[in-house]
Amino acid sequence: MAQTEAFETDFWKDANLRKVWDDIVPGEPRKTIPYTLTKEAIELYCKSVGEDHPIYFDEAYARTTRYGGLIAPPSIHILLMFSCTPADDWMRSPGTVNAGQSWSYNIPARPNDVITLQARALDKFIKRERLFVVHDNVFFNQRGEVICSGRGWTIRPM
């Protein structure tokens, strides 16, 4: 499967390509792209959030745990959400506000897993002059096993 290019950190760069409110169709699958999770990406993510448990960095230590090797922290879905979506995805819109989320974690992601995402908007509505979208996301590894799944609520920019 194709590896995505380096993650873009300028959220405004492709803002004009992103789907707007009228383009979000509840029930319609979002376009996603596979992402190969590397040990380096896990380490960089851990460093950025202040996570220093050796199960994410130290192969010798990780082999002694019930996981039998290195894993990614459960919150890696934050990195995966952006790594598995193209630049024109509505979830990447600048000004999006996370209004809540609920996640279930099934198995840990591991270095060299090829991650795929199935995602869609479930509903969209206007409340108090704000645009809300309810969406679900399921991340799979290359064996089709569910890593984690979640439902979120976002407030969309006008």
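Residues numbered from 1 in each chain as written. Predicted model: local features only at pLDDT ≥ 70, side-chain atom pairs only at ≥ 80, totals over all residues. Heavy atoms only, no water.

A.B. asks: Just checking my understanding: could you explain the overall build of the chain for this structure?
C.D. replies: Helix and strand counts for the chain come out as three helices and five strands. Radius of gyration (C-alpha) of the chain: 17 Å, near the 15 Å computed for a compact globule of 158 residues. The C-alpha extent of the chain, read off along each of the three principal axes, is 55 × 30 × 30 Å. By the burial criterion, 39% of the 158 residues in the chain qualify as buried. (Helix = DSSP H or I, 4+ residues; strand = E, 2+ residues; numbered from the N terminus. Rg over C-alpha atoms; globule rule 2.2 N^0.38 Å. Buried < 20%, exposed > 50% of the residue type's maximum accessible area, 1.4 Å probe, protein only.)

A.B. asks: Explain the sheet that holds strand β4 (residues 130-140) to me, please; I cannot follow it from the model alone.
C.D. replies: Backbone hydrogen bonds hold the strands of a sheet together, and the pairing may be parallel or antiparallel. Pairing within the open sheet is antiparallel, and its five strands lie in the order β1-β3-β4-β5-β2. Taken across any chain shown, the strands that pair with only one partner, and hence form the sheet edges, are β1 (35-36) and β2 (97-105). Sheet analysis places β4 next to strand β5 (residues 146-156), joined by ten bridges and oriented antiparallel. Note on β5: the bridge partner recorded for Val 134 is Trp 153. (Pairing = 2+ DSSP bridges.)

A.B. asks: What is the right way to look at the pairing of β4 in this model?
C.D. replies: The side chains of a regular strand alternate, residue by residue, between the two faces of the sheet. Burial of β4 is extensive: nine of the eleven residues sit out of reach of the surface. In textbook terms, the turn of a hairpin is the stretch between consecutive antiparallel strands, and for strand β3 (residues 114-127) and β4 this stretch comprises two residues, one of which, Arg 128, has a positive phi near 50°. The loop that links β4 with its antiparallel partner β5 comprises five residues; one of these, Gly 144, has a positive phi angle of about 80°.

A.B. asks: Looking at this structure, how should I read the UniProt feature "domain: FAS1-like dehydratase" (unreviewed entry) in the chain?
C.D. replies: UniProt tags residues 27-148 as "domain: FAS1-like dehydratase" (unreviewed entry). Split by type, residues 27-148 is 19% helix and 32% strand. Its first and last C-alpha atoms lie 20 Å apart. (UniProt positions renumbered as here; feature names shortened; annotations may be inferred.)

A.B. asks: Please clarify how the confidence of the model for the chain should be interpreted in this entry.
C.D. replies: Regions with low pLDDT should not have their predicted coordinates read in detail. For the chain, per-residue confidence averages 91 on the pLDDT scale, and 94% of positions sit at 70 or higher. Here helix α3 (residues 77-83) stands out as the least confident element of the chain, with mean pLDDT 92; helix α2 (residues 59-63) is the most confident, with 98. (pLDDT = per-residue confidence, 0-100.)

A.B. asks: I would appreciate a short explanation of the environment of Gly 69 in the present structure.
C.D. replies: Turning to its location among the elements, Gly 69 is positioned in the loop between α2 and α3. Separated by 59 residues in sequence, Gly 69 and Asp 10 place their C-alpha atoms 34 Å apart. When neighbours within four sequence positions are excluded, Gly 69 is seen to be in contact with Ile 55, Glu 59, Ala 62, Arg 63 and Arg 110. (Contact = heavy atoms within 4.5 Å.)

A.B. asks: Looking at this structure, how should I read the side chain of Asn 137?
C.D. replies: If you trace the backbone, Asn 137 turns up in strand β4. Of the polar contacts made by the side chain of Asn 137, one reaches the side chain of Arg 30; its length is 3.1 Å. For Asn 137, the side chain forms a polar contact with the side chain of His 135, separated by 3.4 Å. Discounting residues that sit within four places of it in the chain, Asn 137 has contacts with Arg 30, Met 81, Trp 103, Leu 117, Gln 118, Ala 119, Cys 148, Ser 149 and Gly 150. (Polar contact = N/O pair within 3.5 Å; in protein donor to acceptor, adjacent residues only side chain to side chain.)

A.B. asks: I'm lost on unusual backbone geometry in this one. Help?
C.D. replies: Apart from glycine, the bulk of residues carry a negative phi angle, and the bulk of peptide bonds sit in the trans form. In the Ramachandran plot, Asn 112 falls in the positive-phi region, its phi being about 75° despite a non-glycine side chain. Mapped onto the secondary structure, Asn 112 falls in the loop between β2 and β3. Overall, Asn 112 belongs to the exposed group, its relative accessible area being 55%. Residue Arg 128 is not a glycine yet carries a positive backbone phi of 50°. Secondary-structure assignment places Arg 128 in the loop between β3 and β4. We classify Arg 128 as exposed; its relative accessible area is 71%.

A.B. asks: Sorry if this is basic, but what is going on with the packing of aromatic side chains here?
C.D. replies: Aromatic ring pairs are described here by two measures, namely the spacing of the ring centres and the angle between the planes. Counted by the stated rule, this structure contains two aromatic pairs. Arranged with centres 6.1 Å apart and planes meeting at 25°, the rings of Trp 103 and Phe 139 form a pair that is stacked. Taken as a pair, Trp 103 in strand β2 and Phe 139 in strand β4 lie far apart in primary sequence, 36 residues in all. In this pair, the class of Trp 103 matches that of Phe 139, namely buried. (Phe/Tyr/Trp six-rings, centres within 6.5 Å; stacked < 30°, edge-to-face > 60°.)

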